[in-house]
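Understanding the architecture of this molecule
Each chain, letter by letter, is given below.
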Amino acid sequence: METTSDLRIKLGSLQLKNPLVLASGVMGTSPALLERMALSGAGAVTSKSCGPVNRKGHPNPVVIEWEHGLINAVGLTNPGAEEEVGLLLQAKEKLLPLDVLLFASIFAGTVEEFSQVASTIVKAHPDLIEVNISCPNVRDDFGLPFAADAKSAGEVTRAVKTQAGEIPVAVKLAPNVPNIGRIALAVEEAGADAITAVNTMPGMVIDADAARPVLHNRMGGISGPALKPIALRCVAEIADSVHIPIIGTGGVLTGRDAVEMILAGATAVGVGSALWYRGSEAFTLIQDEMRAYMQEHDIHSIDELIGKAF
Ligand SMILES: Cc1cc2nc3c(=O)[nH]c(=O)nc-3n(C[C@H](O)[C@H](O)[C@H](O)COP(=O)(O)O)c2cc1C
């Protein structure tokens with residue numbers, strides 16, 4: 001049967017040839033790896049979060065598979081914003097002929113630092129800046145992440161938007177907050193063009209035989225299948241609270257998972273841990289499975305699916 005299903009989407013002002021976005025951090029920022037993800041079918045790729053200065057990250061082991069997903073504590077390894085610009089420029093050159101967009105992820109410890117990192121990263125002309133606010137606010141008395149507080153999430157958004165100029169800004173939210181809709185509304189009011197939801201869920205996995213946590217850092221972020229129902233709930237609550245588009249991320253391994261994320265209210269779909277489970281073919285496989293679902297249900301475009309679970 002000839003396929004008529006169209007996977008193209010509009011994410012605000014951006015056009016993507018399909019809704020699948022490589023999630024930040026899973027493949028680092030190596031231009032060659034980002035190109036490989038583009039060649040294997042991503043509509044856009046996100047670089048690993050980059051901060052103001054070089055960071056080595058945590059000692060190994062930093063990523064472990066357990067029964068229901070992955071747990072990681074990489075520790076935001078990155079070369080610092082100045083060096084990142086060179087990598088992003090190289091990546092952009094490789095992605096342009098493939099019609100795949102480059103999203104640059106940034107993090108920082110204060111609002112001023114976010115502003116400084118954004119002003120450096122714009123020199124690489126990414127197609128979008130993704131703001132990872134799951135990092136601790138060093139000015140908060142308890143080191144609470146920016147993502148946990150509507151006021152500081154809004155302040156970071158405003159600071160990055162001021163530097164970003166014409167480049168759209170997506171703010172990436174954390175799942176472990178009591179009211180994610182409120183945080184989403186705060187970043188929308190502060191000018192965010194999109195929301196990425198969600199980052200990993202804090203957790204811990206213990207090896208009973210070794211009688212110790214599996215990660216050197218003891219605690220880490222849960223991703224993969226265990227995160228999917230949490231991410232779907234977050235996306236649905238955000239879609240209920242704001243009008244800007246959502247990049248639904250968390251536990252998408254198959255085309256059906258991607259469709260569920262869109263039915264919950266996402267426009268684009270982040271793909272991270274799937275690369276661990278299904279290899280670099282994940283993007284092609286997920287797209288084929290989405291097309292099969294669309295044919296089976298007589299759906300011709302992604303637009304017909306967005307938010308349709310409600
Ligand atoms: C090894 C690893 C490293 C990650 N590094 C980052 C990062 O640097 N910045 C970020 O915003 N999210 C990071 N994430 C979170 C992912 O981008 C994504 O939000 C999360 O893994 C949920 O999606 P998934 O279940 O498809 O993996 C990382 C996840 C993993 C597994």
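Keep in mind it's a predicted model, so treat the numbers as computed, not measured. (Residues numbered from 1 in each chain as written. Predicted model: local features only at pLDDT ≥ 70, side-chain atom pairs only at ≥ 80, totals over all residues. Heavy atoms only, no water.)

This next bit is on unusual backbone geometry. Here the bond from Asn 60 into Pro 61 is cis, since omega is -5 degrees, no more than 30 degrees from zero. The residue Pro 61 is located in the loop between strand 4 (44-46) and strand 5 (63-66) in this model. Cis rather than trans, the peptide bond between Ala 197 and Val 198 has omega equal to 15 degrees. Here Val 198 lies in the loop between strand 10 (194-197) and strand 11 (201-204). One non-glycine residue, Leu 76, lies in the positive phi region at around 50 degrees. In this fold, Leu 76 is placed in the loop between strand 6 (69-72) and helix 2 (81-95). (Helix = DSSP H or I, 4+ residues; strand = E, 2+ residues; numbered from the N terminus.)

Taken together, 22 residues lie around the ligand, and Ser 24, Ser 49, Lys 172, Gly 251 and Ser 273 are the ones closest in. Side-chain polar atom of Lys 48 to an oxygen atom of the ligand: 2.8 Å apart, as the coordinates give it. Contact between the ligand and Asn 199: an oxygen atom at 3.4 Å from a side-chain N or O atom of the residue. Here the ligand loses 95% of its free accessible area of 610 Å² to cover by the protein chains. For the shell around the ligand, a count of residues per class yields six nonpolar, 14 polar and two charged. (Near = heavy atom within 4 Å. Polar contact = N/O pair within 3.5 Å; in protein donor to acceptor, adjacent residues only side chain to side chain. Areas by Shrake-Rupley, 256 points an atom, 1.4 Å probe, with all protein chains shown as cover. Nonpolar A, V, L, I, M, F, W, Y, C, P; charged D, E, K, R; others polar.)

This paragraph deals with the sheet that holds strand 4. Judged by pairing direction, the barrel is parallel, and its eight strands sit side by side in the order 3-4-7-8-9-10-15-16 before closing back on the first. The average undirected angle you get between the axes of adjacent strands in this sheet is 25 degrees. Inspection of the sheet shows strand 10 paired to strand 15 (residues 246-249) by three bridges, in the parallel sense. If you follow Ala 197 over to strand 15, its bridge partner there is Gly 248. Against the sheet, helix 5 (residues 180-189) engages strand 9 (169-173) and strand 10, with an angle of about 160 degrees to strand 9. The strands touched by helix 6 (residues 228-241) are strand 9, strand 10 and strand 15; relative to strand 15, the strand with the most contacts, the crossing angle is about 165 degrees. (Pairing = 2+ DSSP bridges. Axes fitted to C-alpha atoms, helices over the stretch in contact; angles between N-to-C directions. Contact = heavy atoms within 4.5 Å.)

Along the chain, Gly 181 turns up in helix 5. Note: C-alpha distance between Gly 181 and Ser 241 (60 residues apart in sequence) is 5.3 Å. Apart from residues no more than four positions distant in its own chain, Gly 181 is found in contact with Glu 237 and Ser 241.

Judged by nonpolar contacts, the single largest core of 96 residues is most densely connected at Phe 114 and Ile 133. In terms of residues, this core owes the most to one element, helix 9 (residues 282-296), which gives six residues. If you look at the next biggest cluster of nonpolar residues, it comprises six residues, including Trp 66, Ile 71, Leu 215 and Ile 222. (Core = buried A, V, L, I, M, F, W, Y, C linked by side-chain atoms within 4.5 Å. Buried < 20%, exposed > 50% of the residue type's maximum accessible area, 1.4 Å probe, protein only.)

As for its placement among the helices and strands, Val 156 is situated in helix 4 (residues 150-164). Overall, the relative accessible area of 1% leaves Val 156 in the buried class. Taking the C-alpha atoms as reference points, Val 156 and Asn 78, 78 residues apart in sequence, are found 20 Å from one another. In this structure, Val 156 is in contact with Val 111, Phe 114, Val 131, Ile 133 and Phe 146, ignoring residues within four places of it in sequence.

A complete count under the given rule lists ten salt bridges for this structure. With a shortest N-O distance of 2.9 Å, Asp 6 and Arg 8 are connected by a salt bridge. Classification of Asp 6 as partly exposed rests on a relative accessible area of 26%. Residue class for Arg 8 comes out exposed when judged on its relative accessible area of 58%. Put simply, Glu 35 and Lys 94 hold a salt bridge, and the shortest N to O gap is 3.9 Å. Placement of the pair is Glu 35 in helix 1 (residues 31-39) and Lys 94 in helix 2, with a sequence separation of 59 residues. Salt bridges sharing common partners tie together Lys 228, Asp 257 and Glu 260. (Salt bridge = Lys/Arg side-chain N within 4 Å of Asp/Glu carboxyl O.)

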